[in-house]
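An overview of the molecular structure
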Amino acid sequence: MQYRSFGKVDYRVSALGFGCMRLPTLGKPEEIDEPQAVEMLRYAIDHGVNYIDTAYPYHGGNSERVVGKALQNGYRRRVALATKMPCWMVQQPADFDRIFAEQLQRLATEQIEFYLLHNLQAKFWQQMCQLGALEWLERKRRAGRIRYLGFSFHDSYEVFQQIIDAFDWDFCQIQYNYVADEVQAGIKGLKYAAAKNIGVVVMEPLFGGTLANPPEPIRAVLDQSPLRLRPADVALRWLWNQPEIGVVLSGMSTLEQVKQNADSACRSGVGMLTAEEQQLIEQLRAKYKQLNPIPCTQCGYCMPCPNGVGIPDNFMLYNNGLVLGGSTQMLSRATYYFMPAEKRASQCVACRQCEPLCPQGIEISQWMPRVHEELSRPVPGLTDTQSSN
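Concerning the overall build of the protein
A tally of helices and strands in the protein yields 14 helices and ten strands. Here the C-alpha atoms of the protein give a radius of gyration of 21 Å, agreeing with the 21 Å that 2.2 N^0.38 yields for 389 residues. Every one of the 389 residues in the protein was classed for burial, and the buried ones make up 55%. A separation of at least 24 residues holds for 76% of the contacts in the protein among residues at least 6 apart in sequence. Here the protein displays about 16600 Å² of accessible surface, and carbon together with sulfur accounts for 48% of that area. Between the mean site of the 39 positive side-chain charges and the mean site of the 40 negative ones, the protein shows a separation of 2 Å.

Structure (structure tokens):
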């Protein structure tokens, strides 16, 4: 494993961090396959990963608990643990202590090395300031419950700069990858934080898995390249090539993904991207811009919808159908046909409660009628006219 500098933080962080938002499940997101998840986490640690990232709401609250279980038997002392305060769930100052105490219990630990305010946007940042979040963080650090203070971010660069300048942060976490390097904080935010000696954690390096499992037009570009690189390797190597980045989080769902990404991290380094690889990435970047009309990463921050709409599922079906076409398009429409009526895009009432929570800034209420129009088209062999729901 390669280890990297992390801003002002006195900790050499592994190039690869284990993001625990997409652990293997038994069917439902909250039902983690615990034996498999524990095996994956311990394999990663045994192969040098020393940064484990989770959060209060992941897997319906079960991610922290399973991480705590995986870190038993001596594994806890081998890693730095990161988790997050769900800003949108804090309504009064007392909620900080209540949620934090629950996190310590779930994780079976007395200290969190890296603690973040989760999903900071302009609205939540103002709310955190009003409720005294920064003072609360400092008290917890003085009490020895938290070691380093940070935040994860989903808003514009201007808001990012405002937050960075408002407090003496140790680190921050931003979404960043080669097809979305100018959205949200983007490359400007990366360099701004690094210039202030603030450690940078990268999330969504594979854009919700899209860059690891590309559609056929993208795979064709990769197959034609003499480099013969694994899709995920391309995306990860592009990130590790940049000195401003500390740790790159990957939300891994299988042991094979852990093995492959750990192997990539072992071969990573600043300035190791060749001219041929850079040229390939530019080709891929251009091709991706032609695809995926809705930039949804399936993070689920928009859920639950107060009206029951399965927002990420609808977007996934729409994107897959339009990008891949053919049988996949028909499969997307058929899946929509059999989806419970209350979960379909047609049930969106445009209340817009989900939109401030979307890390990608998707105008969900405007997309939903278009998603329904596309997915409700007739499916040959199944139905001649689609349900009005």
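Points about the pairing of strand β7 (residues 146–153)
Among the eight residues in β7, seven count as buried, and that is most of the element. Where strand β6 (residues 112–120) and β7 come together, six bridges link them in parallel fashion. Within β7, the position partnered with F114 by the bridge is Y148. The sheet contact formed by β7 and strand β8 (residues 171–175) spans three bridges and is parallel. Among the inter-strand pairings, F151 is bridged to a residue of β8, identified as C172. In this region the chain leaves β7, passes through helix α6 (residues 157–166) and returns to the parallel neighbour β8; the handedness of that crossover is right-handed.

Observations regarding the nonpolar core
F18, I52, L117, F151 and W169 are the most contacted members of the largest nonpolar core, which totals 90 residues. For this core, the element with the most residues is helix α9 (residues 231–240), which contributes seven residues. Setting aside chain neighbours within four positions, we find F18 in contact with L23, M40, L41, A44, V49, Y51, I52, D53, L249, S250, M252 and V258. Counting residues in each nonpolar core, the second largest holds 20 residues, with V309, Y336, M339 and V371 among its members.

Details of the pairing of strand β9 (residues 199–203)
With five of its five residues buried, β9 lies for the most part within the structure. Neither face of β9 is exposed, since G199, V201 and M203 on one face and V200 and V202 on the opposite face are all buried. The parallel pair β8 and β9, bridged by helix α7 (residues 186–195), forms a crossover whose chirality is right-handed. Sheet topology places β9 next to strand β10 (residues 247–250); two bridges connect them, and they run parallel. Looking at β10, one finds that V202 is bridged to V248.

A closer look at the packing of helix α8 (residues 216–224) against helix α11 (residues 275–288)
In contact at an axis separation of 10 Å, α8 and α11 are set at 165 degrees when each is read in the N-to-C sense. As summarised for this structure, α8 and α11 are arranged roughly antiparallel, according to the angle between their axes. As for the relative orientation of α8 and α11, their crossing is right-handed in sense. Here P217, I218, V221 and L222 of α8 lie close against α11, whose contacting residues are L280, Q283, L284, K287 and Y288. When the residues that make up the contact of α8 with α11 are grouped by side-chain class, the tally is seven nonpolar, one polar and one charged.

Looking at the pattern of salt bridges
Overall, the coordinates contain 23 salt bridges when judged by the stated rule. The network of salt bridges with common partners includes E34, R65 and K69.

Thoughts on the environment of G251
Of note, G251 is situated in the loop between β10 and α10 (255–266). Between the alpha carbons of G251 and R22 there is a distance of 5.2 Å; along the sequence they are 229 residues apart. When sequence neighbours within four positions are dropped, the list of residues in contact with G251 reads G19 and R22.

Digging into α11
With 14 residues, α11 extends 20 Å from end C-alpha to end C-alpha; this agrees with the ideal 20 Å at 1.5 Å per step. Of all the positions in α11, only E277, L280, I281, L284, R285 and Y288 are classed as buried. The arc that holds every buried residue of α11, seen down its axis, measures 140 degrees, which confines them to one face. Exposed residues on α11 whose side chains face more than 90 degrees from its buried face are A275 and Q279. Buried residues belonging to α11 abut α8 and α9.

Let's talk about the sheet that holds β6
Reading around the barrel, the eight strands line up as β3-β4-β5-β6-β7-β8-β9-β10 and close back on themselves, with parallel pairing between neighbours. Across the sheet, the mean angle separating the axes of adjacent strands is 25 degrees when strand polarity is ignored. Across two bridges, strand β3 (residues 16–19) lies against strand β4 (residues 51–53) in parallel orientation. The partner of G19 across the bridge, within β4, is D53.

Re α6
Turning to α6, its buried residues number three or more, namely Y157, V159, F160, I163 and I164. Relative to the axis of α6, the buried residues are bounded by an arc of 160 degrees and lie together on one face. The inward-facing, buried residues of α6 contact β6, α4 (122–131), β7, β8 and α7.

Quick notes on the confidence of the model for the protein
Put simply, the protein has an average pLDDT of 91, and 96% of its residues get 70 or more. Low pLDDT, under 50, characterises residues 384–389; the predicted model gives this stretch 16 contacts beyond four residues in sequence or across chains.

Criteria and cut-off values
- Residues numbered from 1 in each chain as written.
- Predicted model: local features only at pLDDT ≥ 70, side-chain atom pairs only at ≥ 80, totals over all residues.
- Heavy atoms only, no water.
- Helix = DSSP H or I, 4+ residues; strand = E, 2+ residues; numbered from the N terminus.
- Rg over C-alpha atoms; globule rule 2.2 N^0.38 Å.
- Buried < 20%, exposed > 50% of the residue type's maximum accessible area, 1.4 Å probe, protein only.
- Contact = heavy atoms within 4.5 Å.
- Areas by Shrake-Rupley, 256 points an atom, 1.4 Å probe, with all protein chains shown as cover.
- Lys, Arg positive; Asp, Glu negative; His and termini not counted.
- Charge placed at Lys NZ, Arg CZ, Asp CG, Glu CD.
- Pairing = 2+ DSSP bridges.
- Right-handed = clockwise from strand over helix to strand, strands pointing away.
- Core = buried A, V, L, I, M, F, W, Y, C linked by side-chain atoms within 4.5 Å.
- Axes fitted to C-alpha atoms, helices over the stretch in contact; angles between N-to-C directions.
- Parallel < 35°, antiparallel > 145°, perpendicular 65-115°, else oblique.
- Left-handed = near helix turned anticlockwise from the far one by under 90°.
- Nonpolar A, V, L, I, M, F, W, Y, C, P; charged D, E, K, R; others polar.
- Salt bridge = Lys/Arg side-chain N within 4 Å of Asp/Glu carboxyl O.
- Expected span 1.5 Å × (residues − 1).
- Arc of directions from axis to C-beta.
- pLDDT = per-residue confidence, 0-100.

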